[in-house]
Amino acid sequence: FCVATLSGNANVIKYNTPTVNITTPNATVCQGVTSSLNFSFTPIPSIAQPINMNWFNGSSNVNLAVTSNPTVVTPVNAGTFYSNLITDAFGCTSTVSDTVEILALPIPSATLTLLSNDSICAGSFATMQIAVSGSTGPWSIRYQRPLGPDTTVSFAVSPYVFQVNKAGIYNLVQAKDDGNGCIGTISGTATIVVNPQPTAIVTGGGTSCAGTSVPVTVTLTGTSPWSLIYQDNSPNNVVVSNQVANP
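Quick caveat, the model's predicted, so the values are computed rather than measured. (Residues numbered from 1 in each chain as written. Predicted model: local features only at pLDDT ≥ 70, side-chain atom pairs only at ≥ 80, totals over all residues. Heavy atoms only, no water.)

1. Describing the overall build of the protein chain
Stated precisely, the cut-off is as follows: Comment: elements are numbered from the N terminus, with helices defined as DSSP H or I runs of at least four residues and strands as E runs of at least two. Each radius of gyration reported is based on C-alpha atoms, and the globular scaling rule is 2.2 Å times the count of residues to the power 0.38. Pairs of residues are marked as contacts when any of their non-hydrogen atoms sit within 4.5 Å. Charged-residue counts in this description rest on Lys and Arg as positive and Asp and Glu as negative, His and the chain ends being excluded. In plain terms, the charge of a residue is placed at NZ if it is Lys, CZ if Arg, CG if Asp and CD if Glu.
On a plain count of helices and strands, the protein chain comes out with zero helices and 22 strands. Against the 2.2 N^0.38 benchmark of 18 Å for 247 residues, the protein chain shows a C-alpha radius of gyration of 40 Å, more extended than a compact globule. Considering only C-alpha atoms, the protein chain reaches an extent of 170 × 30 × 25 Å along its principal axes. Long-range pairs, those at least 24 residues apart, make up 55% of the contacts in the protein chain between residues at least 6 apart in sequence. Treating the 5 positive side-chain charges of the protein chain as one cloud and the 8 negative ones as another, the clouds have centres 9 Å apart.

2. A look at the environment of Thr67
Note the threshold: Each residue gets one of three labels from its accessible area relative to the maximum for its type: buried under 20%, exposed over 50%, partly exposed in between, using a 1.4 Å probe on protein chains only.
Along the chain, Thr67 falls in the loop between strand S5 (61-66) and strand S6 (71-76). Here Thr67 falls in the exposed class, since its relative accessible area comes to 52%. Note: C-alpha distance between Thr67 and Pro215 (148 residues apart in sequence) is 101 Å.

3. Focus on the sheet that holds strand S11 (residues 119-121)
Note the threshold: For two strands to pair, DSSP has to find at least two bridges joining them. Note on geometry: axes are C-alpha line fits, over the in-contact stretch for helices, and angles between N-to-C directions span 0 to 180 degrees.
Overall, mixed pairing links the five strands, which are arranged S11-S18-S16-S13-S14 in an open sheet. The open sheet has two free edges, formed respectively by S11 and strand S14 (151-155), since each of these has just one partner strand. Shown here is a sheet whose adjacent strand axes are inclined to one another by a mean of 30 degrees, direction ignored. In this structure, strand S16 (residues 168-177) lies alongside strand S18 (residues 189-195), joined through four bridges in antiparallel fashion. Looking at the pairing, Asn171 lines up with Thr189 of S18.

4. Here's the deal with the pairing of S5
Pairing analysis gives six bridges linking strand S4 (residues 51-56) to S5, with the strands arranged antiparallel. Residue Trp55 lies in a different strand from S5, and its bridge partner there is Val62. Once S4 ends, the chain turns through four residues before running back antiparallel as S5, passing Gly58 with a positive phi of about 105 degrees.

5. What to know about the pairing of strand S9 (residues 99-105)
Pairing of strand S2 (residues 27-30) with S9, which is carried by four bridges, proceeds in the parallel orientation. Counted as the bridge partner of Val29 is Ala104 from S9. In this structure, strand S7 (residues 79-87) lies alongside S9, joined through four bridges in antiparallel fashion. In the strand pairing of S9, Tyr82 is matched with Thr99.

6. Considering the state of the cysteines
Short version of the rule: Our working definition of a disulfide is a cysteine sulfur pair at a distance within 2.5 Å.
Applying the stated criterion to the full structure yields one disulfide. For Cys30, the disulfide goes to Cys182, at an S-S distance of 2.1 Å. Because the sign of the S-S torsion sets the handedness, a value of about -95 degrees for the bond joining Cys30 and Cys182 places this disulfide among the left-handed ones. Taken together, the residues span a long stretch of sequence, with Cys30 in strand S2 and Cys182 in the loop between S16 and strand S17 (185-187) at a distance of 152 residues.

7. Considerations on the nonpolar core
Put simply, the test is: Joining through side-chain atoms within 4.5 Å is the link that ties buried Ala, Val, Leu, Ile, Met, Phe, Trp, Tyr and Cys residues into a set, and such a set is a nonpolar core.
Within the largest apolar cluster, 19 residues are counted, with the highest numbers of intra-cluster contacts made by Met128, Ile130 and Ile141. The dominant element in this core, judged by the number of residues it contributes, is strand S12 (residues 126-133), at four residues. Discounting residues that sit within four places of it in the chain, Ile141 has contacts with Ala110, Ile130, Val132, Thr151, Thr152, Val153, Phe155, Leu172, Gln174, Ala175 and Lys176.

Function cannot be inferred from these measures alone, as they are strictly geometric.
Put into structure tokens, the structure is as follows:
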């Protein structure tokens, strides 16, 4: 039989299949607040850089070139995120399905409105309300008043109706859902004008002969025009409307 001669050799290198884990735990954030995702890879990208990862970003599949471990993706909005397929520089691929969910908590939206006339007499009250929507409550609403520190009111049923008697500007400062701790949006303002109570001071009078008269003066305070009701010893009261002159 014939004996052949042999020559040559070949090296075969086996690379580990790449894997990825989303190390960010499931979480909740207030609506409108962004978060971040941490992706951890094995083997650690080195000579096999870059790793290319296809992942679902909450709305669509996108590709991400990875050159560090871990890799942080930020900002991300609330949603469900998962990795689909990773490929390293050697062409090794792995289908993966690691999922994390970031849940958006509802935030309150508070509006201040005036229910009554914005011009009141001294000693009277104007009526306002704070209406809240967007979350289930209960809520703590802080509002600014003309005098003194801000006022915080807490309630579980919307709207919250209250009365004020100080002149000036009222507006909301903060709306918080006490159930989930989220700070929401605010709107609305009201300006209250307090008018002083009018007064009437009667002076003059005296004695007179039959058939003659003596002057009587009524001095008014407040803002014209006025309406007056007075009695002059006749059976009926005397009504004066739209009085502009003073006295």
